[in-house]
Amino acid sequence: MDLIITAVEFLAFTILVAVISWWKTKDDKLDTQDGYYLAGHSLIGIVIAGSLLMTNLSAEQLVGNNGQSARVGMSTMGWEVTSAIALTFLAFVLMPRYLKTGLTTVPEFFETRYDKFARRLVSIIVLFSYVVIMLPNILYAGAQVFVEIFNVQEITGLSQFWCLAILGAIIAVVGACYALFGGLHAVALSDSINGIGLIVGGLLVPIFGLVKLSEVRGTGAGFSEGFHLFLTLDPVRLNVWNPVNLNEPYLPWPLLFTGMVINNLYYWSTNQSIIQRTFGAQNLKEAQKGAIFASFMKICTPLIIVFPGIIAYFIWGEEVWTNNGDVAYPMIVNGVMPSWLLGFFAAVMFGAILSSFNSVLNSASTIYALDIHRPIFNPGCSDAHCVKVGQTFGTALTVFAIILSPFMLYMGGITSFVNSAFAAFNTPIFVCLAVGFLSKKASAILPKVVIPIHVVLYCLLQFILRNQIDALANVHYLYFTAVLFVVDMIIVAICNKVAPRQTDFVLEDHAAVDLTPWKLGKAVACVSLIVMAIAYIIFSPIGVAASGYVTYTVM
């Protein structure tokens, strides 16, 4: 009976979101480039913020980050809280320039600023990352949650691999319907609705988790006792300041000011799947509101994607370290959520998974159609034809992601795998883009030199030398990112000196939207950064944490 109630709740909320999204977007013109890929420049700040959050906050983060926090504690929140710095940079440095140029894709700027080769190079790299890294991992993480919540292995008798494959296929098909047939407006709107549900449902997990903790490790007095136990059982787990010499999944404190900042700058201000919704803003004011509202949300997300993992460890102990911690979040959801709420939460989780999948799929289709197909194969094709090409390409990507996703089971921890893989190329792309906007002298040679050198050096350090040189064996990959960022900037200086652009680059205003900035924007952003700093003080040895770091054994 409980399973039937859960299924009914799940279907009811999922269908409600689909109906609302269809009703609000049924009159959209999806046969034009702006209408399909940029939502007709109709997105307002709160919708942009919700879509930014939901694109980022999927099962990949819920499962992966909670898995990390179950193992190493509170330091995992660095991936979330420090995003406020990058979102502030996006809002006030890059966003005015992005909207001034009237971009639809990030690679498009590389042709405008550098040349066609740079656009092709960045397009291929980004598509490769979406196809091989992001899409399969989103499906795998989402399927992992539902395997645990609905006890799929027990009910079906199938192996974990096949359960993940089947559920991943279901998620992919539904997500593709949003991304390929509804366009960016449908994606962003469904993201915002699901975002409300995820905040409510996500906050219920630690609340019920603390009640459960009180029952298991205390006297059963309830939430207040559970919260006291959370703070006192092992204060070292609440310390965000990890020592300098630790490797992933730990987050050494120097990286908070170096490699982590660089990593976040790429993700939040250059990654097409993230910033495409800001390109669809009504104007600069709404785009800046969206980015800053999202920064506040990211500071709060540890409540949803870090706390539950630590609570799960306090309740079940080392059992949560199975599969590199990726079972911690499904375990706590299944173990503490009341049966009458499980269907709603499953629907919210499904929406979060769809949000990330359809956002990445929509962006991949956009890049292929506008940055590869049209300029290379059919320069004169209409917008309507380009939309059709993007939909066909997206369908093929969906099939490929379905096939690849269950094999992520063997990658050894979602978050570490995804982040370390992305680090191979995210920094040089960000460097070339930022220098392209901020320097008038950078020439077309820059991306041809910086990107290949960085990728080769990173792969050499991360995947070869660290296995052969003892001194590099336990160096966190974000240290490599920080060092190579300096190398990239040295290369930039050399290129600008040896082969500068013959004429100064001038950023043309395409008058796509109103570029009047948000008057309160900088003041609100400062408040966001202050709150971020306070969070790091609270979870430090001068706050509620104890000095030291957590040790664990992989099971």
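Coordinates for the structure precede this section.
Figured I'd write up the structure that's included with this text. (Residues numbered from 1 in each chain as written. Predicted model: local features only at pLDDT ≥ 70, side-chain atom pairs only at ≥ 80, totals over all residues. Heavy atoms only, no water.)

### As for the overall build of the protein
For step 1, the next point in the chain: Scanning the protein from terminus to terminus reveals 24 helices and zero strands.
For step 2, the next point in the chain: Looking at the protein residue by residue over its 555 residues, the buried ones come to 61%.
For step 3, the next point in the chain: For the protein, restricting intrachain contacts to residue pairs at least 6 apart in sequence, the fraction spanning at least 24 positions comes to 83%. (Helix = DSSP H or I, 4+ residues; strand = E, 2+ residues; numbered from the N terminus. Buried < 20%, exposed > 50% of the residue type's maximum accessible area, 1.4 Å probe, protein only. Contact = heavy atoms within 4.5 Å.)

### So, unusual backbone geometry
For step 1, the next point in the chain: For the bond running from Glu248 to Pro249, omega is 15°, close enough to zero to count as cis.
For step 2, the next point in the chain: Position of Pro249 among the secondary structure elements: in the loop between helix H11 (223–232) and helix H12 (259–269).

### Overview of the packing of helix H3 (residues 45–56) against helix H14 (residues 284–300)
For step 1, the next point in the chain: It is at 7 Å that the axes of H3 and H14 come closest, and there the two elements cross at 45°. With respect to H14, the axis of H3 lies oblique. For the pair H3 and H14, the sense of crossing is right-handed. Where H3 abuts H14, its residues Gly45, Ile46, Ile48, Ala49, Leu52, Leu53 and Asn56 lie against Glu286, Ala287, Lys289, Gly290, Ala291, Phe293, Ala294, Met297 and Lys298.
For step 2, the next point in the chain: Split by residue class, the contact of H3 with H14 holds ten nonpolar, three polar and three charged. (Axes fitted to C-alpha atoms, helices over the stretch in contact; angles between N-to-C directions. Parallel < 35°, antiparallel > 145°, perpendicular 65-115°, else oblique. Left-handed = near helix turned anticlockwise from the far one by under 90°. Nonpolar A, V, L, I, M, F, W, Y, C, P; charged D, E, K, R; others polar.)

### Quick word on helix H19 (residues 383–404)
For step 1, the next point in the chain: The end-to-end C-alpha separation of H19 is 31 Å, in line with the 32 Å expected for 22 residues at 1.5 Å each.
For step 2, the next point in the chain: When H19 is considered as a whole, its buried residues turn out to be Cys386, Val387, Val389, Gly390, Gln391, Phe393, Gly394, Leu397, Thr398 and Ala401.
For step 3, the next point in the chain: At the N-terminal end of H19, a side-chain oxygen is found 3.2 Å from the backbone nitrogen of His385, two or three residues along, and the residue is Ser382. (Expected span 1.5 Å × (residues − 1). Polar contact = N/O pair within 3.5 Å; in protein donor to acceptor, adjacent residues only side chain to side chain.)

### Some details on the nonpolar core
For step 1, the next point in the chain: Ranked by size, the top nonpolar core spans 166 residues in total, and within it Tyr98 and Phe146 carry the most contacts.
For step 2, the next point in the chain: Discounting residues that sit within four places of it in the chain, Tyr98 has contacts with Leu90, Leu103, Val106, Ser269, Thr270, Ile275, Phe279, Leu433 and Phe437. (Core = buried A, V, L, I, M, F, W, Y, C linked by side-chain atoms within 4.5 Å.)

### What to know about the environment of Gln276
For step 1, the next point in the chain: Mapped onto the elements of the fold, Gln276 is located in helix H13 (residues 272–279).
For step 2, the next point in the chain: Judged by relative accessible area, which is 0%, Gln276 ranks as buried.

### Section: the packing of aromatic side chains
For step 1, the next point in the chain: Scanning all chains against the criterion turns up 21 aromatic pairs.
For step 2, the next point in the chain: Measuring from ring centre to ring centre gives 5.6 Å for Trp241 and Tyr536, while their planes differ by 70°; the resulting arrangement is edge-to-face. Within this pair, whereas Trp241 is found in the loop between H11 and H12, its partner Tyr536 is found in helix H24 (residues 521–538), the two being separated by 295 residues in sequence.
For step 3, the next point in the chain: Take Tyr536: its relative accessible area is 8%, and that puts it in the buried class.
For step 4, the next point in the chain: Measuring from centroid to centroid gives 5.8 Å for Tyr250 and Tyr549, while their planes differ by 90°, and the two rings are edge-to-face. Separated by 299 residues along the polypeptide, Tyr250 in the loop between H11 and H12 and Tyr549 in the segment after H24 bring together distant segments of the chain.
For step 5, the next point in the chain: For Tyr549, a relative accessible area of 38% gives the class partly exposed.
For step 6, the next point in the chain: One aromatic cluster is present, built from ring pairs that chain together Tyr98, Phe109, Phe110, Tyr114, Phe279 and Phe437. (Phe/Tyr/Trp six-rings, centres within 6.5 Å; stacked < 30°, edge-to-face > 60°.)

### Thoughts on the packing of helix H8 (residues 116–149) against H19
Angle between the axes and distance between the axes are the two parameters that describe a pair of packed helices.
For step 1, the next point in the chain: Two elements in contact, H8 and H19, have axes whose closest approach is 8 Å; the angle formed by their N-to-C orientations is 55°. The pairing of H8 with H19 is recorded here as oblique in orientation. H19 is crossed by H8, and the crossing has right-handed handedness. Residues Leu127, Val131, Val132, Leu135, Pro136 and Leu139 of H8 pack against Phe393, Leu397, Phe400, Ala401, Ile402 and Leu404 of H19.
For step 2, the next point in the chain: Of the residues that constitute the contact of H8 with H19, the class distribution is twelve nonpolar, no polar and no charged.

### Structural notes on a nonpolar patch on the surface
For step 1, the next point in the chain: A surface patch of nonpolar side chains, amounting to about 470 Å² of accessible area, comprises Ile199, Leu203, Ile207, Phe223, Phe227 and Leu303.
For step 2, the next point in the chain: Broken down by secondary-structure element, the contributors of at least two residues to the nonpolar patch are helix H10 (160–217) and H11.
For step 3, the next point in the chain: Among the elements that make up the nonpolar patch, the one with the highest residue count is H10 (three residues).
For step 4, the next point in the chain: Here Phe223 is to be found in helix H11. (Patch = residues over 30% accessible without salt bridge, like charges linked within 9 Å, V, L, I, M, F, W, Y side chains within 5 Å. Areas by Shrake-Rupley, 256 points an atom, 1.4 Å probe, with all protein chains shown as cover. Salt bridge = Lys/Arg side-chain N within 4 Å of Asp/Glu carboxyl O.)

### Side note on the environment of Ile538
For step 1, the next point in the chain: As for its position among the elements, Ile538 is in helix H24.
For step 2, the next point in the chain: Put simply, Ile538 and Leu238 are 300 residues apart on the chain and 9.3 Å apart in space, counted from C-alpha to C-alpha.

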